[in-house]
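# Results of the structural survey
Next come the chains, spelled out residue by residue.
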Amino acid sequence: MRNRYFSSDPAQNSAALSLYESVKELPLICPHGHVDPRLFADPDYQFGSPVDLLIIPDHYIFRMLYSQGIPLDALGIPALLPVPNAVKGDSTAAIKVDHRQIWQTVCDNWRLFRATPTGIWLRDELAGVFGIDLKLNSVNAGAIYDAIEEALARPEFRPRALYERFNIEVLATTDAATDTLAPHQTIRDSGWRGRIIPTFRPDAVVNIDQPGWRESIALLSEVAGFDVRGYGTFIQALEERRVFFKSMGATATDHAALSAYTESLSAAEAEALFRRAMKGEATAKDAVRFTGHMLIEMARMSSEDGLVMQLHIGSFRNHNPRVFERYGRDMGADIPIRGEFTKNLKPLLDRFGNHPSLTLVLFNLDETTYSRELAPLAGHYPILRLGPPWWFFDSWLGMSRFLDAVVETAGIYNLAGFNDDTRAYPSIPTRHDVWRRVCADWLAGQLLRDFIDDEDAYEMMRALAYDLAKQTYRLDP
Amino acid sequence: MRNRYFSSDPAQNSAALSLYESVKELPLICPHGHVDPRLFADPDYQFGSPVDLLIIPDHYIFRMLYSQGIPLDALGIPALLPVPNAVKGDSTAAIKVDHRQIWQTVCDNWRLFRATPTGIWLRDELAGVFGIDLKLNSVNAGAIYDAIEEALARPEFRPRALYERFNIEVLATTDAATDTLAPHQTIRDSGWRGRIIPTFRPDAVVNIDQPGWRESIALLSEVAGFDVRGYGTFIQALEERRVFFKSMGATATDHAALSAYTESLSAAEAEALFRRAMKGEATAKDAVRFTGHMLIEMARMSSEDGLVMQLHIGSFRNHNPRVFERYGRDMGADIPIRGEFTKNLKPLLDRFGNHPSLTLVLFNLDETTYSRELAPLAGHYPILRLGPPWWFFDSWLGMSRFLDAVVETAGIYNLAGFNDDTRAYPSIPTRHDVWRRVCADWLAGQLLRDFIDDEDAYEMMRALAYDLAKQTYRLDP
Amino acid sequence: MRNRYFSSDPAQNSAALSLYESVKELPLICPHGHVDPRLFADPDYQFGSPVDLLIIPDHYIFRMLYSQGIPLDALGIPALLPVPNAVKGDSTAAIKVDHRQIWQTVCDNWRLFRATPTGIWLRDELAGVFGIDLKLNSVNAGAIYDAIEEALARPEFRPRALYERFNIEVLATTDAATDTLAPHQTIRDSGWRGRIIPTFRPDAVVNIDQPGWRESIALLSEVAGFDVRGYGTFIQALEERRVFFKSMGATATDHAALSAYTESLSAAEAEALFRRAMKGEATAKDAVRFTGHMLIEMARMSSEDGLVMQLHIGSFRNHNPRVFERYGRDMGADIPIRGEFTKNLKPLLDRFGNHPSLTLVLFNLDETTYSRELAPLAGHYPILRLGPPWWFFDSWLGMSRFLDAVVETAGIYNLAGFNDDTRAYPSIPTRHDVWRRVCADWLAGQLLRDFIDDEDAYEMMRALAYDLAKQTYRLDP
């Protein structure tokens, strides 16, 4: 019998299986993702309905259904309260749709997910986590719903129980710089042995053109315990927050920007920009420059406090104004743009590219940068590591193209291993499984073509599945 | 025996064959192309010599021969009459070359087409349409010429007879907005049961910087039956032409632009630009803005009249001034440029991206946009469908890369199926055959790797071969 | 037994082997590279230590070790003498490290090169050139060092002896426009039958913003025998140098630029720019324009004197200022940027694109240009040929992607065959071997899928391995 996902060439299939099996029992390292820490704070946390768990939070799923004309309302996506510039006539009251009916709609249209990672993940998740081998379709919809619902009622489907069953070693959440990390504190206080750690994400206070920026600064003042009213106190507050996050177990920060543009501003310029922003007078260009400057500042702080810096670029957020106005952020309407690193990142690299203890992990959504810029940069600068394929590219072919594009130039030891980057907690095992299988199949190809030998292949397999993520994110306890 | 084009892995080869055979008998849907409708207006239409049929109209062929130093004159390409800024000393009189000699030259150099789609198409066309299995080379040139010539004299090689034999269900031509569609009327009047439909292509009246634009506007006035002298009458004329095209069976429009740039102009701005253009004073920037505005206007009209909108971007036309001056347009000297959709198309999508009945099919010549922009856009916006790989990418590897790049993100149900986009009528069957084989091989790979199951694979095969084109272009009678 | 690098599919593996064996004995054509001609001027030239030969000159190797935190000093890379703007406190005295210790460090970290071309090349080179089959690792480091050292002491490891053994037919060096070509003269005078020819590379005198440009112009005056003080004498000096290079056997020129930007300046503008540069007042924009103009001038000269023109674009040189200041140029810190040809090269093509005797070979570091711009351009313009994948892309997958991306549009007869572009003389056989194996495997795939037949495949194999390079670079004696 062939083994799933591997090449259909018998020799490669069998070599891939051996490699895969050599890492199958290794724990999962989850250094970057968006699982809500409250899942673990309450030992008796319950997931709600199958739709609450699997559909409503998953923009991979509802964006595809939306693309085929199915309204988000019909999928249970809650509309926001009325907003000032909402389209006139739109009802903003959440429309109540029966979850069993939503599930039926999803299953009626499941063909849309054929040959997509979402299709693979949910199938594997149902089989692996819930023990459900039925195919997602109109006929089976009800039976699958019942089976999931029944499973979720059982204690072994509490998040903490799943953490053990999934064999997770560590799971990092992503948290606003202003977050009090109360759920993390609760977890620590509970004596539970799971390792859930926060990640410092300051975008909301750094991106001065974001709606709500001043509210975020007010919140920063509050958690800092002093008034953030200028650039100096802003930097001080961020530094103190980082100390706090680190004390709560954080080993990394995360930063999102439209581009990798960096620029060193003088203290006076930074101060002036910050003050303009506080008055609500910052321009779009001001915002780009300030973000570019803050990325360098964050690299400076990381070089001092040892937090691993992650940079995600290239997503044009909230591209569809109708969807944004009615449903808010993260609704599947984020579209990639072209990326550039060689010129944009140079000011940061000029200052910190050769730093002996800084690590900067790069992610982006433009595959053309892989071989042209990212691999050559990571194959030279000591601080750089390449994050795994992100978002749309967290897929079998996306990962295969990534390995093809970067390893010849950067090797595998300049990679950051895998991270699942998901808010869909029960999909974590299948996501890691896909990565491990891609790596096994890719290495099997290299092995059979005699580019590497057995010793190389097995050591690379382990590194890609486990070691690189743990080392890059400094997760040794 | 292995089956042509499919993977050499025996399991995949055999799975691909089964999938391919399941759609082999389905009719051909040809929703976009450049076949001359006059072929069908005259029931006794004759194709001329083998060179008239296969070489002179095919810029894929003569551009390659030209790239190796063979003059276009030696291939029978007619030079234009003297033009004002012709290179001095050039003879513009068409040079008469014996067609049998041209054919010999082409065959003497046929090695140039090894491993190219043109090479595949002509070989398959000779075998499949003409029953000629000889290899194209110097020795066989004469015999092949004779055999084609003899075939073309027979009644079963009239265009209408081939239409039946090719099993075409519908074939759309591409026609200027100012076209009277006389051949289409003749076809309709003739009672022949073939379905030849026009497509509304207004580029010549929309692109205000094109040479001859004012002449096109004059022609538009003529066919409209009123004077187009301002933006208002221009829009009115276009709307009326669309009504006429629709009455003649059109289900789609087609628009070509250098980029996907869109911009909503105010009525006053549009009027001002139009009037500057009428005075011959429009700048290059005016032209870009006006085209960008008209794309949005065309989306507006399509949202109202239901014509499917096609947009082809990214070809730098007539790149070689020497070739353009001597031979005119479409002479194999069109070179792709970088494409961008995320930002450029946003103004159009802001207005019409969520429209319930609009369909916009996107094509371009920059493969980097496939996974980065096109698939994410099509995987979210209800109006978008992705056209098949275009022009240089209408090839085995081009199609394979396309499926690899877009399906994981957009699925297959946001694709527009296949269109052959050809003026080379007898190449239609082989072009569809290549597409169907690519899809069969690609799906076989997915199937053997267990990404999809048998039911998925066969349904996807049919959709890609037939249903998606028919549905996207609204071709149900 | 499977054959190295070829597909693991048995049928393809065996077809690839047959194709490969058909060209195995053909001599190596090396039309572009950076081997030092002094190797051949002295019949008794000795290579120094294994580290002198294999590590210190190879930025592919030390950049990767550097990326993992190993200082260049520890690898024996000599620091420059103090430079004006050196980082304060840096010791610029070369640090002496024992070569046997350096070799041990390299071998201790050899895992970094798993699945990289560098890893393949050195393994193949040790086996093929030195007869050493030990794996590079900590344990074998000493034994390998000893074996290389012992080999290098033997007469059959003199460069001239290796030239015979490598079966090189011709090897081109790359030489500054101001070079006296003394080693080339010595070789010619020696009566040795090896064919070592120079290549005219005028970058240092053409790029007016390069540090040391005025010194280069002074040197140009010196070798020209007259004062280069304006644009006219500059052009005259270049033309005379080309005559000299040609008299010394050169058949080609080589030009490197950040982009493919070309622009025809008037004689007055060119003169003005040149004079500004002589006064040290040229701006960055002046430099771009002057380089763009000189590329057209070089095409003009090539159209007259028949030297094949090579253009390498897209490398952002000396990206890391710390490494540049301490160690100088070519230290593994050159990072690719995005490339563009369709618009940038148009002014040059407008003037010379249809020239009957000019050949322009294009290279770049942005793979996205392959299918989008380079193949369409080469598939039309008679003067263009595509150079093989360059630098980071001179790898198994890089070459495979190149063939996949360009052949369908340009065919193989618009390619320039292979060049090794290396300064690592003993790596030449393995580099050609990888190219020949890639081509064999790629053609085997085409053959088994019935895109081409046996006759096509064997003729294409020979063309790719030998003929195309020889013809493109006009190397017939």
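Our subject is the structure listed above.
A short tour of the structure in this document, coming up. Because the structure is predicted, anything quoted here is derived from the model rather than measured. (Residues numbered from 1 in each chain as written. Chains lettered and ligands numbered in written order. Predicted model: local features only at pLDDT ≥ 70, side-chain atom pairs only at ≥ 80, totals over all residues. Heavy atoms only, no water.)

Turning next to the overall build of chain A. Across its full length, chain A carries 20 helices and eleven strands. What you see for chain A is a C-alpha radius of gyration of 23 Å, in line with the 23 Å of a compact globule of 477 residues. In terms of its C-alpha atoms, chain A occupies a principal-axis envelope of roughly 65 × 60 × 45 Å. Counting only contacts in chain A whose residues sit at least 6 apart along the sequence, the fraction spanning at least 24 positions is 77%. Only carbon and sulfur atoms are counted for the fraction: they give 52% of the accessible area of chain A, which is about 16,500 Å². Taken together, the 50 basic and 63 acidic charged side chains of chain A have centroids lying 3 Å from each other. (Helix = DSSP H or I, 4+ residues; strand = E, 2+ residues; numbered from the N terminus. Rg over C-alpha atoms; globule rule 2.2 N^0.38 Å. Contact = heavy atoms within 4.5 Å. Areas by Shrake-Rupley, 256 points an atom, 1.4 Å probe, with all protein chains shown as cover. Lys, Arg positive; Asp, Glu negative; His and termini not counted. Charge placed at Lys NZ, Arg CZ, Asp CG, Glu CD.)

This part covers the relation of the copies chain B and chain C. By a simple turn and slide, chain B fits onto chain C: the slide is 0.0 Å along the axis, the RMSD is 0.0 Å, and the turn is 120°. Such a combination of turn and shift is consistent with a three-fold rotation axis. A share of only 6% of the interface residues of chain B reappears at the interface of chain C, consistent with the copies meeting through non-equivalent patches. (Least-squares fit on C-alpha atoms with pLDDT ≥ 70 in both.)

Glancing now at the relation of the copies chain A and chain B. Placing chain A over chain B gives an RMSD of 0.0 Å and needs a rotation angle of 120°, together with 0.0 Å of translation along the axis. With a heterologous cut-off of 20% or less, the 6% of interface residues of chain A that recur at the interface of chain B puts this contact in the heterologous class.

Below, the discussion takes up the sheet that holds strand 1 (residues 28–30) of chain A. Residues and elements named next belong to chain A. Read from one edge to the other, the open sheet built from three strands follows the order 1-2-4, with strand pairing classed as parallel. Only two strands of the sheet have a single neighbouring strand rather than two, namely strand 1 and strand 4 (196–197). The pairing of strand 1 with strand 2 (residues 168–172) spans three bridges and is classified as parallel. Note that in strand 2 the partner of Cys 30 across the bridge is Leu 171. Of the strands in this sheet, strand 1 and strand 2 are in contact with helix 19 (residues 428–448), which crosses strand 1 at around 105°. (Pairing = 2+ DSSP bridges. Axes fitted to C-alpha atoms, helices over the stretch in contact; angles between N-to-C directions.)

Contact with chain A, which involves 47 residues of that partner, is made by 45 residues of chain B. Summed over both partners, the interface of chain A with chain B comes to about 4,000 Å²; 52% of that surface belongs to carbon and sulfur atoms. Our count for the chain A to chain B interface comes out at seven salt bridges. Between the two partners, chain A and chain B, sit 31 residue pairs in polar contact (both at pLDDT 80 or more). Secondary-structure elements contributing two or more residues to the side of chain A that touches chain B are helix 4 (59–67), helix 6 (117–130), helix 15 (321–327), strand 9 (335–336) and helix 18 (396–410) of chain A. (Buried area = accessible area lost by both parts, 1.4 Å probe. Salt bridge = Lys/Arg side-chain N within 4 Å of Asp/Glu carboxyl O. Polar contact = N/O pair within 3.5 Å; in protein donor to acceptor, adjacent residues only side chain to side chain.)

Using the criterion set out here, one finds 111 salt bridges over all chains in the structure. One salt bridge in this structure joins Arg 114 of chain C and Asp 456 of chain A, with 2.9 Å as the shortest N-O distance. Pair noted here: Arg 114 of chain C is in the loop between helix 5 (99–108) and helix 6 (117–130) and Asp 456 of chain A is in helix 20 (residues 454–472), and the two residues belong to different chains. Residue class for Arg 114 of chain C comes out buried when judged on its relative accessible area of 9%. Relative accessible area serves as the criterion here: at 8%, Asp 456 of chain A is assigned to the buried category. (Buried < 20%, exposed > 50% of the residue type's maximum accessible area, 1.4 Å probe, protein only.)

Time to look at the sheet that holds strand 4 (residues 196–197) of chain C. Spatially, the three strands line up as an open sheet ordered 1-2-4 (chain C), and their pairing is parallel. In this open sheet, the two strands that pair with only one neighbour each are strand 1 (28–30) and strand 4 of chain C.

This next bit is on the interface of chain B and chain C. At the interface, 47 residues of chain B touch 45 residues of chain C. Summing both partners gives a buried area of about 4,000 Å² for chain B against chain C, and 52% of it is carried by carbon and sulfur. In this structure, the connection of chain B to chain C is made through seven salt bridges. Between Asp 366 of chain B and Arg 372 of chain C there is a salt bridge whose closest N-O contact spans 3.2 Å. Summed over the shared surface of chain B and chain C, the number is 31 residue pairs in polar contact (both at pLDDT 80 or more). Among the secondary structure elements, those contributing two or more residues to the side of chain B that touches chain C are helix 4 (59–67), helix 6 (117–130), helix 15 (321–327), strand 9 (335–336) and helix 18 (396–410) of chain B. When its residues are assigned to classes, the side of chain B that touches chain C shows 21 nonpolar, twelve polar and 14 charged. (Nonpolar A, V, L, I, M, F, W, Y, C, P; charged D, E, K, R; others polar.)

Below, the discussion takes up the packing of helix 12 (residues 231–247) of chain C against helix 13 (residues 267–278) of chain C. Each packed pair of helices is defined by two parameters, the angle between the axes and the distance between the axes. All names here are of chain C. At a closest axis distance of 8 Å, the pairing of helix 12 and helix 13 adopts a crossing angle of 95°. Viewed along their axes, helix 12 and helix 13 adopt a mutual orientation that is roughly perpendicular. For the pair formed by helix 12 and helix 13, the contact residues are Tyr 231, Gly 232 and Phe 234 on the first element and Ala 267, Ala 270, Glu 271 and Phe 274 on the second. The class makeup of the residues in the contact of helix 12 with helix 13 is five nonpolar, one polar and one charged. (Parallel < 35°, antiparallel > 145°, perpendicular 65-115°, else oblique.)

What follows deals with the packing of aromatic side chains. In total, this model carries 81 aromatic pairs over all chains according to the counting rule given. With a centroid separation of 5.8 Å and 75° between ring planes, the pair formed by Tyr 45 of chain C and Phe 47 of chain C is classed as edge-to-face. Accessibility expressed as a relative area gives 27% for Tyr 45 of chain C, which makes it partly exposed. Taken together, the ring pairs in this structure connect Phe 40, Tyr 45, Phe 47, Tyr 163, Phe 166, Trp 192 and Tyr 425 of chain A into an aromatic cluster. Directly above the aromatic system of Tyr 60 of chain A lies the positively charged group of Arg 431 of chain A, at a separation of 5.6 Å from the ring centroid. In this structure, Arg 437 of chain A packs its charged tip against the face of Tyr 20 of chain A, placed 4.2 Å from the ring centre. (Phe/Tyr/Trp six-rings, centres within 6.5 Å; stacked < 30°, edge-to-face > 60°. Lys NZ or Arg CZ within 6 Å of the ring centre and 35° of its normal.)

Attention now moves to the side chain of Arg 300 of chain A. All names here are of chain A. Within the fold, Arg 300 resides in helix 14 (residues 284–305). A polar contact is formed between the side chain of Arg 300 and the side chain of Glu 297, at a distance of 2.6 Å. With near-sequence residues (within four places) excluded, Arg 300 lies in contact with Ile 235, Glu 239, Arg 351 and Phe 352.

Residue position: Asp 334 of chain C is located in the loop between helix 15 (321–327) and strand 9 (335–336). Comment: no salt bridge for buried Asp 334 of chain C; closest opposite-charge side chain is Arg 317 of chain C, at 4.0 Å.

All right, on to the pairing of strand 2 (residues 168–172) of chain C then. Residues and elements named next belong to chain C. Counting buried positions along strand 2 gives four out of five residues, so the element sits mostly inside the fold. Where strand 2 meets strand 4, two bridges bridge the pair, whose relative direction is parallel. Across the sheet, residue Ala 172 finds its bridge partner in strand 4, namely Ile 197.

Turning our attention to the environment of Arg 241 of chain A. Residues and elements named next belong to chain A. Positionally, Arg 241 belongs in helix 12 (residues 231–247). Owing to a relative accessible area of 7%, Arg 241 belongs among the buried residues under this scheme. Discounting chain neighbours no more than four positions away, the residues touching Arg 241 are Ala 177, Thr 178, Asp 179, Thr 180, Phe 200, Leu 220 and Val 223.

What follows covers helix 9 (residues 182–190) of chain A. Residue and element names in this part refer to chain A. For helix 9, the complete set of buried residues consists of Pro 183, His 184 and Ile 187. All buried residues of helix 9 fall inside an arc of 105° around its axis, so they share one side. In the core, the buried residues of helix 9 are packed alongside helix 2 (38–41), strand 3 (175–176) and strand 4. (Arc of directions from axis to C-beta.)

For the rest of this paragraph, the subject is the packing of helix 6 of chain A against helix 19 of chain A. Residues and elements named next belong to chain A. For the pair helix 6 and helix 19, interaxial distance at closest approach is 9 Å and the crossing angle is 120°. Relative to helix 19, the element helix 6 is oriented oblique. Note that helix 6 runs across helix 19; the crossing there is right-handed. Contacts between helix 6 and helix 19 involve Ile 120, Trp 121 and Asp 124 on the former and, on the latter, Thr 430, Arg 431 and Val 434. Classifying every residue of the contact of helix 6 with helix 19 by side-chain character gives three nonpolar, one polar and two charged. (Left-handed = near helix turned anticlockwise from the far one by under 90°.)

This paragraph deals with helix 9 (residues 182–190) of chain B. Where helix 9 of chain B is buried, its residues meet helix 2 (38–41), strand 3 (175–176) and strand 4 (196–197) of chain B. Note on helix 9 of chain B: the residue one or two positions beyond its end, Gly 191 of chain B, has a positive phi of about 80°.

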